[in-house]
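What the coordinates show
Here is how the chains run, residue by residue.
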Amino acid sequence: MRSPSPAAWIRRALPTRRRALAAAAAVVVVVLLAAGVAGTLRPAEPDLRTEAALITVRSGPTGDEPVELDTTLYLPPAAAADAPVPAVLLGHGFGGTKESVRADAEEFADRGYAVLTWTARGFGRSGGQIHLDHPDYEVRDAQRLLDWLAARPEVVTDATGDPRVGVVGGSYGGALALLLAAQDQRVDAIVPMITWNDLARSFLPEQSGEGPEQGVFKKGWAGLFFGSGGNPGPAPLGGSGPAGGLAPGGGSVPGGSLPENAATTAGAVDPSCGRFAPDVCAAYLRIATTGRADPDAVALLRRSSPAGKLDRVEAPTLLVQGAADTLFPLTEADANAREIAATGTPVQVAWFTGGHDGGDGPKTDRDRVRHLTARWLDHYVKGEGPAPADDFTFSRIAGFDALNRGLVASGFRATGYPGVGGTGRQPVSVSGPAQAIANPPAGNPAAISSVPFAGELSSLLDGVAGDIPGQHARFESAPLPAAVDVVGAPTVSIRAASPTGTAVLFVKLYDVAGDGAATLPNGLVAPIRLEGLPAAVEDAEPVTVTLPAIVRRIEAGHRLRVVVATSDQAYATPVEPAVYSVALASGAVTLPTVASEPIPTDAVVWRWVLAGLIATIVVGLVVVVAVLRRRHQRRESRVHPEYAGVPLAVRELRKEYADGFVAVSNVDFEVHPGQVVGLLGPNGAGKTTTLRVLMGLTQPTAGEVYVFGHRLVPGAPVLSRIGALVEGPGFLPHLSGQDNLTAYWRATGRPWADAHFDEALEIAGLGTSVHRKVRTYSHGMRQRLAIAQAMLGLPQLLVLDEPTDGLDPPQIAEMRRVLRRYATDGRAVLVSSHLLAEVEQTCTHAVVVTKGQIVASGPVEEIVGESPSVLLEVTDPVAAREVLDRLAGVSVLPDGDGQLVVDTNGTARSEVVAELVRAGIGVDRVVPRRRLEDAFLALVGENSRGSGDR
Amino acid sequence: MMAQTTVEPNAGDSGGTPSGAAAGYRPFATLPLRAEFRRQASRRRTQLALGFMVLLPLIILIAFQFGSGDDDNGRGEFGSLVEFATSGGLNFTLFTLFVSASFLLVVVVALFCGDTVASEASWGSLRYLLAVPVPRARLLAVKLLVALTYSALALLLLAGTALLLGTLRYGWEPLRSTVAAQLEPGEGLLRLLAVLGYLAVVLLVVAGLAVLLSVSTDAALGAVGGAVLLWILSSILDQITALGVLRAFLPTHYSTAWLGLLSTPIQTDDVVRGAISAISYATLFWGLAFWRFTRKDVVS
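Residues numbered from 1 in each chain as written. Chains lettered and ligands numbered in written order. Predicted model: local features only at pLDDT ≥ 70, side-chain atom pairs only at ≥ 80, totals over all residues. Heavy atoms only, no water.

1. Side note on the overall build of chain B
Worth spelling out the cut-off: A run of H or I in DSSP becomes a helix once it reaches four residues, and a run of E becomes a strand once it reaches two; helices and strands are each numbered from the N terminus. Exposure is judged per residue with a 1.4 Å probe applied to protein chains only, and the accessible area is read against the type maximum: over 50% gives exposed, under 20% gives buried, and values in between give partly exposed. Any two residues whose heavy atoms approach within 4.5 Å at even a single point are treated as in contact.
A tally of regular secondary structure across chain B gives ten helices and zero strands. In chain B, the order of α-helices and β-strands from amino to carboxyl end is α-α-α-α-α-α-α-α-α-α. Classification of the 300 residues of chain B by burial places 57% in the buried group. Across chain B, every contact between residues at least 6 apart in sequence was considered, and the portion connecting residues at least 24 apart equals 78%.

Given below as structure tokens:
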């Protein structure tokens, strides 16, 4: 079986490859299966109904000006006249349309709300002009939509004409929600997001406590706002509301998807005002021209502001505001919250890390806002779920998400809304001399702190935000000894002097890292306009500046830097050049902090899952090992009494391979001490398979093998009493012969003294070649080394498969002697061979196998002993046959080629020869036949001879 | 007949133990770890692989000496790892890991783990080990442990050499990146160790896959190549965002989560999920490998 026929080789090789392929396939299947399970858990597309309609509502100061509003109603599948559902009125951001909030509407509808979206007047296909959430126009429009909702049979009503409804919106839609709730008590709950409290303050902020009349015009944002309303353009402002999910806003609407816009519905358009109402337009033009707001303009903006009207809000309010928002900063939500809470209406505030600058924020933030919104509406509108706890939640950018290449925000919660002042205050000393700074003419060049509506890109500005040399003063702190979590608006007190008596300044708070990199959190600045200033800074009164509210951890070792600059790209500054002097009034920045706790996320759960997983694996491993050990010990210590002294007993062995090939059908023999047993058979007879089972390499299909009474299974300890050479040598090619033997013995873990290396090496007879690498060995040398390896430790049963393969005749002779000698002292040897002569000369006993079955067995002398048949070579075979046929008892066996095989059957050979000679037939040769050969030929058959001999 | 000079009776080999084993044979003393270490250490591919781990940082270092290249910072936030590669020993080490983690280390681990059983099978020495007999579970466990140790050694050699060379050349500087505040060298070293630990855990999946293939085929190259191939397949699938949440189940999905360990504060959420994923897959693959190897017919 050393070089089996190609067919056998393929048969053996194929299943292995197939199995390897199957294993690879199984791996892929497991992965896909896991993926598939996850796939089925995904929600199916919601089966929503939508109804788009142009609804004409009557509003205006007198309530009789008709205007067409472009609406879409989303109805959940369950909504019906007999099963009405609560409703959500969903407003869009400035410059957007009802399409901007489609995704959010679908998600609310999916949660079981009837959702009405509409395009506000002055936008998209809706008629009318932009009045900036005017109580008589936009807000009254929304009231008429409430009427319309109440008339829908699918919508639950609290009373006739009073729908059960929550109002949600971001930015422009958020202010509308506040104003609507103030104006109409039918609203049951509102969730205004990233919106304003006082529009005048938002566009004309002043952080030293003055009103919008003194404010510094936020020209960047205002221009964008006005531009997007004037030209029905593509980008909805404030459209980047929080959460692509439940929160309104959504993505920008491509310009091409608004085929019919202002030009057709509003008729002729004033090119300077677009679709703005004339009064709004005029106010903007006045402010933008002078950079200052007159009382009329302030009044107009205040008219569109929730400020001052919120004491009428009775609907529970969830205020969502973004920290990355230079348009409507956190202080706007703070003002809204205070006003609403003053009347006892439930208010909660949630800050997230996005905003008009920061967009939707990281996924964790979007999910949080989505969750809060849904919980709010479910409780106060639908009447499901507990009352939301956590009066105040906020989040902080916690770092980068390595996988999604985005930011990660971690959430925190607190009971009781602390406001932007925080629950605690920590002063940090800053210092620096009084500095002179120049106001550039016409505000150019200007420092860049933020780029309006740059979205998440603005976070990249952190690195480039630059102050112009000569135009700013710096005051720095020492490195912080410990990290500070700032939540709210820090304050700082400064003094300023100006030769003109007035100054516009921008106060900023930088976080300066150890390597000098300065970050302006979210690009937020505090503009101040000071008047009545002295010419010398020593004479100036201290001015307390409220810096923008931020959520940020200032790491230990970082410094705080207060910068007072004269210009900012985003604001309108005085045109005339001037030089101001700036100094610190008190030497400290006060940092607000909030006592809060982290909101537990699923990350905590995963940590437990990991710990549980590892614990399970460890416990599982221990249990499996213990069980297997016990089972082995029990099985191994059992001894079959009948075979206790027998080195090898094979009982009814059968081996069927996976492909159905029966290699061994029934093999039954014993090897006793002192015997050298030859397993004789042609290739494919099943010899090697039998030996494989003997070595514990293969599991038998049926039958048992006993070694000294111990049942032999793969890995049975009793295998240690067997030395083997099966299917040729197997060595590490890169090691020398000696190292291979050493490595092998080391692997047995048995004492060195038991190995008997010298004897083994002597048997191998490799001389100095034993130190060469096995790779360089000839076939015969490897064979001898393999036999030596099998004899290491002098095992009591030596099993050799074709041991003389590759040996030259003297070595074969020597090997025979070695084997005979080995089978003493209670030891035994089992040799397999397809060569008759070898078995005959080497073995004391023989077992002849063919086609998986034993055909003969017994002592060699008995088998090889002279047989009654004789082979005759005669001159005339035909005549000889006649002569022999006449002899009583003698029969001629069928054979050919001038030779006769004769069964003498007791008749003496001399008699047969004499009879032939008498008949005149010449006898050339008389060869006595032997039994083993007969048996071998008769049983093995002619057909195997070709492959058996080599 | 020759005199009995070469073969002497051995009284100790009469099999007095209850299990019938030869004297001195204990199943749990077979194939000691030390023996397997030496078996593998003597192999050229072990020496070459470990040698390359030492050589690679040197090659990178020499490459950096060839002056200024073009700035192609198109790698997002973590591009800073490339920008700052020469700013200190820690940064140099991180860069070396950054460029090796996605492929080189995968190949090295697949080599150590995929080759271990399959090569013995192809040499034919596996059947002699099993005939010792080394219990199959023990054989696989020892081979797995040793392969894992060599994999860990490779990882440590790579990082250690890079750290040594980088520190000698660029100094013991704080760890810099744009995703985090500057980390002091001591803190940076801890982060580096955490990164190494996470990389080791992620690579367990490769080890599991390679071992499973190793016991399923006699071709060492097939096991190594197969493991790398499946890893690449998983990486490619992970690039297809259309797969949505399915991607989280891919064994390679969290393979770059170690970058989160560099940010301030440390981002461990994905690291934890990645560890769960890797340990689950590795346990599954190893379980299958043991199941298979303890039952299969060794016919090689």
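2. Section: the overall build of chain A
Stated precisely, the cut-off is as follows: Where accessible areas are quoted, they stem from the Shrake-Rupley method and a 1.4 Å probe; at the residue level, only the protein chains shown are allowed to cover.
Along its length, chain A carries 24 helices and 39 strands. Expressed as a percentage of its 950 residues, the buried residues of chain A come to 55%. Intrachain contacts of chain A at a sequence separation of at least 6 include 75% that bridge at least 24 residues. When the accessible surface of chain A is totalled, it reaches about 37,100 Å², and 55% of it is carbon and sulfur.

3. Regarding the pattern of salt bridges
Should the charged atoms of two oppositely charged side chains come close, the side chains can pair. All names here are of chain A. Put simply, the rule is: Salt bridge, as applied in this entry: a Lys or Arg side-chain nitrogen positioned within 4 Å of an Asp or Glu carboxyl oxygen.
Under the definition given, this model contains 46 salt bridges over all chains. For D147, the salt bridge identified is with R186, shortest N-O distance 2.5 Å. You can see D147 sitting in helix α3 (residues 138-151) and its partner R186 sitting in the loop between α4 (172-183) and β8 (189-193), a full 39 residues away along the chain. Among the charged side chains, a salt-bridge network with shared partners connects R111, D378, K382 and E384.

4. Re the packing of helix α4 (residues 89-101) of chain B against helix α8 (residues 185-216) of chain B
All names here are of chain B. Test applied: Axes, fitted as lines to C-alpha atoms, cover a helix only where it is in contact. Angles between the N-to-C directions of the axes lie from 0 to 180 degrees. By definition in this entry, angles of less than 35 degrees are roughly parallel, angles greater than 145 are roughly antiparallel, angles of 65 to 115 are roughly perpendicular, and the rest are oblique. Two helices cross in a left-handed way if the nearer one is turned anticlockwise from the farther one by less than a right angle. They cross in a right-handed way if the turn is clockwise. Classification used: nonpolar for Ala, Val, Leu, Ile, Met, Phe, Trp, Tyr, Cys and Pro, charged for Asp, Glu, Lys and Arg, polar for all others including Gly.
For the pair α4 and α8, the least separation of the axes is 10 Å and the interaxial angle reads 15°. In terms of their interaxial angle, α4 and α8 are classed as roughly parallel. Once α4 is placed against α8, the crossing between them reads as left-handed. The segment α4 lies against α8, with L90, T93, L94, L97 and A101 engaging P185, G188, L189, L192, V195, L196 and L199. Its residues placed into classes, the contact of α4 with α8 shows ten nonpolar, two polar and no charged.

5. Let's talk about the state of the cysteines
By definition, a disulfide links two cysteine residues through a covalent bond between their sulfur atoms. Residues and elements named next belong to chain A. Cut-off, in case you're wondering: Note on terminology: disulfide denotes any pair of cysteine sulfur atoms within 2.5 Å.
A full pass over the atoms with the stated rule returns one disulfide over all chains. Across the disulfide, C273 is cross-linked to C281 (sulfur-sulfur distance 1.8 Å). Every disulfide takes its handedness from the sign of the S-S torsion; for C273 and C281 that torsion is -80°, giving left-handed. Judged by its relative accessible area of 10%, C273 is buried. The class of C281 is buried, set by a relative accessible area of 0%.

6. Section: the nonpolar core
Definition in use: To define a nonpolar core, start from buried Ala, Val, Leu, Ile, Met, Phe, Trp, Tyr and Cys residues and group those joined through side-chain atoms within 4.5 Å.
Core analysis: the biggest nonpolar cluster contains 168 residues, and L648, F669, M695 and L830 of chain A together with W258 of chain B have the highest contact counts within it. If you tally residues by element for this core, the top one is α8 of chain B, at 16 residues. Ignoring sequence-local partners within four residues, the contact set of L830 of chain A consists of L648, F669, V671, V677, L679, L691, L694, L797, L798, V799 and L800 of chain A. A177, L179, V420 and A572 of chain A belong to the second-largest nonpolar core, a separate cluster that totals 84 residues.

7. Description of the pairing of strand β34 (residues 845-850) of chain A
Residue and element names in this part refer to chain A. Just so we agree on the cut-off: Only strands joined by at least two bridges in the DSSP assignment are considered to pair.
Counting buried positions along β34 gives five out of six residues, so the element sits mostly inside the fold. Note: strand β28 (residues 676-680) against β34, four bridges, orientation parallel. Its bridge partner lying in β34, G678 is registered against A846. In terms of strand pairing, β34 meets strand β35 (residues 853-859) through six bridges, oriented antiparallel. Bridge pairing in β35 places A846 opposite G858.

8. Observations regarding empty space enclosed by the protein
Residue and element names in this part refer to chain A. Our working rule: In the cavity and pocket records, a cavity denotes points on a 1 Å grid over the protein atoms alone where a 1.4 Å probe fits but cannot get out, a pocket denotes an open set with protein on both sides within 12 Å along at least 5 of 7 lines, and lining residues are residues with an atom within 4 Å of a point. Grid points are joined across faces, edges and corners, and a volume is the space filled by probe spheres set on the points.
Scanning the entire structure with this criterion turns up eleven cavities of 30 Å³ or more. Roughly 210 Å³ of volume is contained in the largest cavity. Taken together, 17 residues form the lining of the largest cavity, with L132, F203, V280, Y284 and L301 sitting closest to its centre. The set of elements that each furnish at least two residues to the lining of the largest cavity consists of α5 (199-203), α6 (219-230), α8 (278-290) and α9 (295-303). Sorting elements by how many residues they give to the lining of the largest cavity places α8 first, with four residues. Among the residues forming the lining of the largest cavity, the class breakdown is 17 nonpolar, no polar and no charged.

9. With respect to helix α1 (residues 33-41) of chain B
Heads up, the rule is: Relevant arc is that of directions from the helix axis to the C-beta atoms, nothing else.
If you check which residues of α1 of chain B are buried, you get A35, E36, R39 and Q40 of chain B. Here the buried residues of α1 of chain B occupy an arc of 130° about the axis, which is enough to place them on one side. At its buried positions, α1 of chain B is contacted by α15 (737-748) of chain A together with α2 (44-65), α5 (104-123), α6 (125-130) and α7 (136-170) of chain B.

10. Considering the layout of surface pockets
Taken as a whole, the second largest pocket encloses approximately 1,800 Å³ of empty space. When contributions to the lining of the second largest pocket are tallied by element, the ones reaching two or more residues are α13 (602-636) of chain A together with α7 and α10 (269-293) of chain B. Top contributing element to the lining of the second largest pocket by residue count: α13 of chain A, with twelve residues. Residue classes in the lining of the second largest pocket are distributed as 27 nonpolar, eleven polar and eight charged.

11. Considerations on the packing of aromatic side chains
Residues and elements named next belong to chain A. Filter applied, for reference: For Phe, Tyr and Trp, where Trp contributes only its six-membered ring, two rings pair if their centres lie within 6.5 Å, and the inter-plane angle classes them as stacked under 30 degrees, edge-to-face over 60, or tilted in between. By the criterion adopted, a ring carries a charge over it if an Arg CZ or a Lys NZ lies within 6 Å of its centre and within 35 degrees of its normal.
Evaluated as defined, the whole model comprises 24 aromatic pairs over all chains. Their ring planes at 10° and their centres at 4.0 Å tell us that F226 and Y284 sit as a pair that is stacked. In this pair, F226 is assigned in helix α6 and Y284 in helix α8, connecting sequence segments 58 residues apart. Ring pairing ties together the aromatic residues F94, F123, Y172, F203, F225, F226, F276 and Y284, which thus form one cluster. Across from the ring centre of Y113, 4.8 Å away, lies the NZ or CZ of K382, which sits over that ring. Over the face of the ring belonging to Y822 we find R827, whose NZ or CZ atom lies 4.7 Å from the ring centre.

12. A look at the packing of α8 of chain A against α9 of chain A
Residues and elements named next belong to chain A. Running from N to C, α8 and α9 cross one another at 130°; their axes reach a closest spacing of 10 Å. One element, α8, and the other, α9, form an angle in the oblique class. Here the hand of the crossing between α8 and α9 comes out left-handed. Contact with α8, carried on its side by D279, V280, A283, R286 and I287, involves D296, A297, L300, L301 and R303 of α9 and no other residues of that element. Looking at the contact of α8 with α9 residue by residue, the class counts come to six nonpolar, no polar and four charged.

13. Topic: unusual backbone geometry
For the peptide bond that leads from N444 of chain A to P445 of chain A, omega is 0°, which places it in the cis range. The amide bond that connects V132 of chain B to the next residue, P133 of chain B, takes the cis arrangement and shows omega of 0°. Inspection of the secondary structure puts P133 of chain B in the loop between α6 and α7. Positive phi, close to 40°, is recorded for L31 of chain B, a residue that is not glycine. Here L31 of chain B shows up in the segment before α1. With relative accessibility at 0%, the residue L31 of chain B sits in the buried group.

14. Things to note about the confidence of the model for chain A
All names here are of chain A. Note the following rule: Predictor confidence is given residue by residue as pLDDT, running from a minimum of 0 to a maximum of 100.
The predicted model of chain A has a mean per-residue pLDDT of 83, with 85% of residues at 70 or higher. Every residue in residues 232-267 is under pLDDT 50, and counting partners more than four places away or in other chains gives 105 contacts. With pLDDT under 50 throughout, residues 942-950 is counted as low confidence; its partners more than four residues away or in other chains account for twelve contacts.

15. A word on α5 of chain B
All names here are of chain B. Under the convention used in this document: Given the number of residues in a helix, its expected span is that number minus one, multiplied by 1.5 Å. Working definition for bend: take the seven residues up to and ending at a residue and the seven starting at it, fit an axis to each, and measure the angle between the axes.
The first and last C-alpha atoms of α5 sit 27 Å apart over 20 residues, in line with the 28 Å expected at 1.5 Å per residue. At D115, α5 shows its largest kink, close to 45°. Looking one or two residues beyond α5, the residue adopting positive phi is G124, at roughly 85°.

16. Regarding the pairing of strand β27 (residues 662-671) of chain A
Residues and elements named next belong to chain A. In this sheet, β27 lies alongside strand β26 (residues 648-656) in antiparallel orientation, the contact comprising six bridges. Among the inter-strand pairings, L648 is bridged to a residue of β27, identified as V671. If you look at the hairpin formed by β26 and β27, you'll find five residues sitting between the two strands, and G660 has a positive phi there, around 95°.

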